[in-house]
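Topology and contacts: notes
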Amino acid sequence: MIVAANFKINHTRESTANYLEALNLFLDAYSTLCDVRVYPVASSFLRADLYSHVKLGAQNFYPIINGAYTGEIGAQQLNEFGIKNVLIGHSERRVALKETQELIAKKYAFAKENGWEIIYCIGESKDVRDGGFESVMEYLWSEFDGIDINYEKLSIAYEPIWAIGTGVSAKVEDIAKVLDTLKSKLNDIPLLYGGSVNTENLFSILSLKSCDGALVGNASLDVANFCKLIQIAQNVQKQ
Ligand code: PGA
C-alpha cells in the first residue's frame, strides 16, 4: 500500500523539516508495511537518507542532468539530495503549466533511464466525465501515449481533475470501475487514487480490490492528519 503526500506549493523549508522529523519518528514507533512517500517543494528538499521510513520525492524536474533551462531543476540537483522518486503527469502541470504529452513522455523516459520510482498521474476533466465512462477510459488511455508501462518502478495515480482540491472525491463505485478497468490491462502495476482523499473516505477507497494506495494533497499537509491516513491504510492492509 502506497500513501503519498503531495505538498504542491505548501510548507517552508523549516516546516517541511519539522514535518519529516515528526513523520519519521511516528513511523519508527508505528511499524507499518505501507510505502510512505512525501513530495515537498523543491526549495525544501532535504537529504533523503535522513528519513529512514519515508521516501522523499520530487513533484517536478526537467529531463536533463543540468543545463540552460531557467527556473527548472535537473537530475544533478535531485541526486544531490538522494531523491529517487518523482511525480510525472500531474494534472496541475498538464493543465495550469501546459505540459504536453510529448514533454511528459520525455520526462518519463528520463526518469526511467535514471532508475527513479515514478508515480504517473492520469485523470479526466469534468467535461470528459460528463461524456460517460467510455469517454473517460478513452481519455485516460490517451494519457499513456509514449509511456512504457513495462517499467518495473511504475505506479499509476488516477486523479479525476474535478475531484482534486475540491473537497468532493469521486464516488467509490466510480473509482472502482476505472481502477478495475485499468488493472485489467495494466496487470501488476500498483494503482493509486487521488482527489480529495481524507480520513473519512480513505478506508473505503483503499478497500477497493484494485486500489493499492492514495496520493493526497490537502489532507497530507498536517502531519498528524497524514499519520492518521497511514494508520487507516495500515488497517486496510491487515484485512
Ligand atoms: P487533494 O490533491 O488531495 O488536495 O485533492 C490531490 C493531488 O492533487 O494529488
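For the structure itself, look to the data block above.
My aim in this report is to walk through the structure given alongside it, one point at a time. (Residues numbered from 1 in each chain as written. Predicted model: local features only at pLDDT ≥ 70, side-chain atom pairs only at ≥ 80, totals over all residues. Heavy atoms only, no water.)

**A look at the side chain of Q101**
Quick reminder of the rule: To qualify as a helix, a DSSP run of H or I must reach at least 4 residues; to qualify as a strand, a run of E must reach at least 2; elements of each kind are numbered from the N terminus. A 3.5 Å cut-off defines polar contacts: any pair of N or O atoms within that distance qualifies, except that in protein one atom must be a possible hydrogen donor and the other a possible acceptor, and neighbouring residues in sequence count only when both atoms are side-chain atoms.
Following the sequence through the fold, Q101 ends up in helix 4 (residues 101-113). Among the polar contacts listed, one links the side chain of Q101 to the side chain of Y120, at a separation of 3.1 Å.

**Let's talk about the site of the ligand**
Quick note on the threshold: One heavy atom within 4 Å of a molecule or strand is enough for the residue carrying it to be called near that molecule or strand. Residue burial considers only the protein chains on display, and all accessible areas are found by Shrake-Rupley using a 1.4 Å probe. Residues were grouped as follows: Ala, Val, Leu, Ile, Met, Phe, Trp, Tyr, Cys and Pro as nonpolar; Asp, Glu, Lys and Arg as charged; and all remaining residues, including Gly, as polar.
The environment of the ligand is formed by 13 residues, the closest being K8, H90, E159, G165 and S196. At a separation of 2.6 Å, an oxygen atom of the ligand approaches a polar side-chain atom of K8. At 2.8 Å from an oxygen atom of the ligand is found a main-chain nitrogen or oxygen belonging to S196. Contact with the protein chains removes 98% of the 280 Å² of surface that the ligand exposes when unbound. Looking at the shell around the ligand residue by residue, the classes come out as 4 nonpolar, 7 polar and 2 charged.

**With respect to the environment of S52**
Selection rule: For every residue, the accessible area (1.4 Å probe, protein chains only) is compared with the maximum for its type, and the residue is labelled buried under 20%, exposed over 50%, or partly exposed between those bounds.
For S52, the location among the structural elements is in the loop between strand 2 (35-39) and strand 3 (55-56). For S52, a relative accessible area of 62% puts it in the exposed group.

**A word on the pattern of salt bridges**
As a reminder of what qualifies: One speaks of a salt bridge when a side-chain nitrogen belonging to Lys or Arg is within 4 Å of a carboxyl oxygen belonging to Asp or Glu.
A full pass over the atoms with the stated rule returns 14 salt bridges. Of the charged contacts, one joins D49 and R47 as a salt bridge, the two residues approaching to 3.1 Å between their closest N and O atoms. When its relative accessible area of 55% is taken as the criterion, D49 is described as exposed. On the accessibility criterion, R47 (37% relative accessible area) is partly exposed.

**A few points about the sheet that holds strand 2**
Rules: DSSP-based pairing: two strands are paired if at least 2 bridges between them are found. In this analysis, two residues are considered to be in contact whenever any of their non-hydrogen atoms come within 4.5 Å of each other. Fitted lines through C-alpha atoms serve as axes, helices being fitted only where they are in contact, and the angles separating the N-to-C directions of these axes extend from 0 to 180 degrees.
With parallel pairing, the 8 strands of this open sheet are ordered in space as 3-2-1-8-7-6-5-4. Unpaired on one side and paired on the other, strand 3 and strand 4 (85-88) mark the two borders of the sheet. Two elements, strand 2 and strand 3, share 2 bridges in a ladder whose sense is parallel. Note on strand 3: the bridge partner recorded for V38 is L56. The sheet contacts of helix 4 involve strand 4, strand 5 (117-122) and strand 6 (154-158), and relative to strand 5 the element is tilted by about 160°. Contacting strand 5, strand 6 and strand 7 (191-194), helix 7 (residues 172-186) runs over the sheet at an angle of about 155° to strand 7.

**Description of the packing of aromatic side chains**
Inclusion rule: Each pair of aromatic rings taken from Phe, Tyr and Trp, with Trp reduced to its six-membered ring, is defined by centres within 6.5 Å and is described as stacked if the planes are under 30 degrees apart, edge-to-face if over 60, and tilted in the remaining cases. The rule for a charge over a ring is simple: NZ of Lys or CZ of Arg within 6 Å of the ring centre, and within 35 degrees of the ring normal.
With the rule as written, the count across this model stands at 13 aromatic pairs. Considering the side-chain rings of Y108 and Y151, the 6.4 Å spacing of their centres and the 80° angle between planes classify their relative orientation as edge-to-face. Residue Y108 is found in helix 4, and its partner Y151 is found in the loop between helix 6 (133-142) and strand 6; the two are separated by 43 residues along the sequence. Judged by centre distance (5.9 Å) and plane angle (50°), the rings of Y120 and F144 are tilted. On the criterion of sequence distance, the pair formed by Y120 in strand 5 and F144 in the loop between helix 6 and strand 6 is long-range, its members being 24 residues apart. Classification of F144 as buried rests on a relative accessible area of 9%. The rings of Y108, Y120, W141, F144 and Y151 are connected pair by pair, giving a single aromatic cluster. Positioned over the ring face of F61 is K107, at 5.4 Å from the centre of the ring. Cation over ring: K177 sits above F133, and NZ or CZ is 4.5 Å from the ring centre.

Keep in mind these values describe shape, not function.
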